[in-house]
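Spelled out from the first residue to the last, the chains are:
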Amino acid sequence: MTSMKDELVVAGLAFMVMILAISWHKRTTSTGTGTPPLPPGPKGLPVVGYFPFLGPNLHHEFAKLANHYGPIFKIYLGSKLHVVVNSAELAKVVTGEQDESFANRDPHTAGLVASYNASDIAWAPNNGNRRKLRKVLVYEVLSNVNLEASHSYRRYEVRKTIKDVYDSIGKPVDINEILFLTVMNILTSIVWGKGLAEGSKYGFSDEIRDVVSRIVEIAEGLNISDFFPVLARFDLQGVKRKMEDQIKRFDQIFETTIEERTGSKSGLIGKKDKLDGKKDLLQILLELKDQDAMPNSINMTQLKALIVDMFLGGVDATSAMVEWTMTEILRNTRVMTKVQDELAEVVGLNNIVEESHLPKLKYLDAVFKETFRLHPPLPFLLPRAPNRTCTVGGYTVPKGSTIFLNVWAIQRDSKYWDNPSEFNPERFLNYEGSEKWDYSGTNLKFFPFGSGRRRCPGIPLGEKMMMHILASLMHSFEWRLPEGEEYDLSEKFGIAMKKKKPLIVIPSQRLIDDSMYL
Ligand code: HEM
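Because the structure is a prediction, the values reported are computed rather than measured.

**Student:** Got a sec to walk through the environment of Ile307? Specific residues and values, please.
**Tutor:** The residue Ile307 is located in helix 15 (residues 300-330) in this model. You can call Ile307 buried: its relative accessible area is 0%. Expressed as a C-alpha distance, the spacing of Ile307 and Asp120, which sit 187 residues apart in the sequence, is 8.8 Å. Ile307 has contacts with Val191, Trp192, Phe250, Phe254, Leu281, Leu282 and Leu285, leaving out every residue within four places of it along the chain.

**Student:** Go over the site of the ligand, please, and point to the residues and values.
**Tutor:** Around the ligand, 27 residues are found, and the nearest of them are Arg105, Arg130, Arg134, Arg454 and Cys456. Note that an oxygen atom of the ligand is positioned 2.9 Å from one of the side-chain N or O atoms of Arg134. In the environment of the ligand, an oxygen atom lies 3.1 Å from a nitrogen or oxygen atom belonging to the side chain of Arg384. Every element with two or more residues in the shell around the ligand is listed here: helix 6 (128-141), helix 15 and helix 19 (459-476). Of all the elements, helix 15 adds the most residues to the shell around the ligand, at six residues.

**Student:** Give a description of helix 15 that names residues and reports values.
**Tutor:** Its 31 residues place the ends of helix 15 45 Å apart at the C-alpha level, agreeing with the 45 Å of an ideal helix rising 1.5 Å per residue. At the N-terminal boundary of helix 15, the capping side chain belongs to Asn299, with an oxygen 3.1 Å from the backbone nitrogen of Thr301.

**Student:** Which residues make up the coordination of the iron atom of the ligand, and what values do they have?
**Tutor:** Coordination of the iron atom of the ligand by the protein involves just one donor, Cys456 (SG), at a distance of 2.3 Å. Here Cys456 is to be found in the loop between helix 18 (407-410) and helix 19.

**Student:** How would you sum up the side chain of Glu370? Please name residues and give values.
**Tutor:** Looking at where Glu370 falls in the secondary structure, it is placed in helix 17 (residues 362-374). For Glu370, a relative accessible area of 0% puts it in the buried group. When sequence neighbours within four positions are dropped, the list of residues in contact with Glu370 reads Glu422, Phe423, Asn424, Pro425, Arg427 and Phe428.

**Student:** If you had to explain the sheet that holds strand 10 (residues 504-509) to someone new, which residues and values would you point to?
**Tutor:** Reading across the sheet, the three strands line up as 3-10-7 and stay open at both edges, with antiparallel pairing between neighbours. Both edges of this open sheet fall to strand 3 (173-174) and strand 7 (477-480), since each of them pairs with a single strand only. Alignment of strand 7 against strand 10, held across four bridges, turns out to be antiparallel. Paired with Glu478 across the strands is Ser508, a residue of strand 10. Strands strand 7 and strand 10 of the sheet are contacted by helix 8 (residues 151-167), whose axis makes an angle of about 55° with strand 7.

**Student:** Explain the UniProt feature "binding site: heme" (unreviewed entry) in the protein chain to me, and be specific about the residues and the numbers.
**Tutor:** Per the UniProt record, the feature "binding site: heme" (unreviewed entry) sits at Cys456. In this structure Cys456 comes out as partly exposed when scored by relative accessible area, which is 28%.

**Student:** So, the pattern of salt bridges: which residues are in play, and what are the values?
**Tutor:** Under the counting rule described, the total for this entry stands at 25 salt bridges. Note that Lys498 and Asp316 form a salt bridge whose closest N and O atoms lie 3.2 Å from each other. Taken together, the positions of Lys498 in strand 9 (residues 498-499) and Asp316 in helix 15 put the pair 182 residues apart, joining distant regions of the chain. What makes Lys498 buried here is its relative accessible area of 15%. Taking the shortest distance from any N to any O, the salt bridge between Asp365 and Lys369 comes out at 2.9 Å. In this pair, Asp365 and Lys369 are both assigned in helix 17, four residues apart and thus about one turn of the helix distant. Beyond isolated ion pairs, a larger network of salt bridges with shared partners links Asp99, Glu100, Arg384 and Arg453.

About the criteria used
- In this numbering scheme, every chain counts its residues from 1 along its sequence in written order.
- A pLDDT threshold of at least 70 governs which residues receive local features in this predicted model, and a stricter bar of 80 or more applies before side-chain atom pairs are shown or counted, although totals over entire chains, interfaces and linings include all residues.
- Computation of side-chain values: all heavy atoms of the structure, hydrogens and water removed.
- Under the DSSP-based scheme used, a helix requires at least four consecutive residues in state H or I and a strand at least two consecutive residues in state E, with every element numbered from the N terminus.
- The rule is simple: take the accessible area with a 1.4 Å probe, protein chains only, and divide by the maximum for that residue type; under 20% is buried, over 50% is exposed, in between is partly exposed.
- The contact criterion used throughout is that any non-hydrogen atoms of two residues lie within 4.5 Å.
- By convention in this text, a residue qualifies as near a molecule or strand provided that one of its non-hydrogen atoms is within 4 Å of it.
- Polar contact criterion, stated in full: a pair of N or O atoms within 3.5 Å, where within protein one must be able to donate a hydrogen and the other to accept it, and residues adjacent in sequence count only if both atoms are side-chain atoms.
- One fewer than the residue count of a helix, multiplied by 1.5 Å, yields its expected span.
- Ligating atoms shown are N, O and S within 2.8 Å of the metal, or 3.2 Å for Na, K and Ca, and water is not included, meaning a site may look less than complete.
- For two strands to be treated as a pair, DSSP must find at least two bridges joining them.
- Axis lines are fitted to C-alpha atoms, over the contacting stretch for helices. Their N-to-C directions set the angle, which ranges from 0 to 180 degrees.
- UniProt positions are given in the numbering used here, feature names are shortened, and annotations may be inferred rather than shown by experiment.
- By definition, a salt bridge exists where a carboxyl oxygen of Asp or Glu is found within 4 Å of a side-chain nitrogen of Lys or Arg.

Right, dumping it as structure tokens:
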């Protein structure tokens, strides 16, 4: 009797496994009758998908899979379908021909909390609110007039950094650390005015730095809930809770500074007259918030979400990029000589770097572009999610799947680039024909800031900060590695792809006149 029962249990189990296997096979291969198939891709395992077979550097793993499966492949990570696009031609379909359908996101838990439930630009679906907020950022906050007006903030922070490095002459300097601080302080003063960035006076600058670092740290971690949505409500790793705690701290900073600004507290800082006639971003945004009936008016939640976007989007990517570029320059004597010669010619050795010099630094610009080609800080951009089922390259891409645009692989593809792994900035100077190498994303062989409707709106500010900081560091100092060290290009995959081993180098004085450092 017992053995018959056992046999029945075994048969039942075998039947269930068979059904599971069939449905897994169906799910991973077919789309139903009459529609094109899903893209090819590795099979993976039921439930966990391809997770167990991936290493920590997802962009390397995906480049290998692209070699095997071609310009578009699918991969299940946990229970979620991801589609990876690896060619310029198909990237053009996604960000050009079908941009409207693909201009949506599927925010992960940390992004959702940090964006006040997608009230921002980066994580919001492609709705009217997002478009309005994006216009505010591009045409108001980062307009040429406002960027020009905030020039003195950037200059002040860059000069402060040069002085700090000068005080460390002869000692090892952690480049990422100083870059993170410089960019952080620039953004803090652009948002809140110089008073906050200067530190102790209002006691906020350390708090902001700490909150932003923690937000980045939490957003960077792998969260199981993002790949197994049924588990999301359990918040197994506490990601949601930790992010909520940081956002509460951010709220506190906003509320206090906004109260002060709007005069409901002491009116300490930020009134236009106290900002030497300049308007900082908070002032611009508060004015927009007050214009209830105006098309560009925004509410307080959007205002806060926009500021978080600026910090999350701006700080890590900009500082990582300057660190990569400096590393490539220092390890390449020929490039370093050309950069220094150009700085001597354009800026002069009895002068300091000003923003007005930057458009003339053509070689340094090419060096940045070549670094962006090899080390794009967001190797897959920010993932997109189509709002309807689409066809790309003859394959079905289902509504709601997560789309990775594999800019890292495209920018290293020998189909588009001669000697792709060689660091050769000249390729961005000596090009022929109509191909335009800028950051606009119109040329899908090179689009480190994205392309189409979701392209990065922070390019003008990011470019100014990167060029000004690096030009100043290279113009003011000679740099060498500590004894026994070597330049290292290993990558660490994260919210922005950073160097695994931080660049630590020793500065020495390059300019004769000491006053250039004060
Ligand atoms: C070197 C610096 C930077 C890099 C490499 C960078 C890169 C990117 C990339 C790749 C995207 C995604 C584009 C896409 O999905 O097609 C993006 C989006 C975004 N970036 Fe940047 N960014 C930088 C600086 C900044 C700065 C300084 C700001 C703000 C002032 C900013 C704000 C944003 C925002 C708000 C989005 C979301 C756009 C949208 O979804 O519509 N970024 N950025």
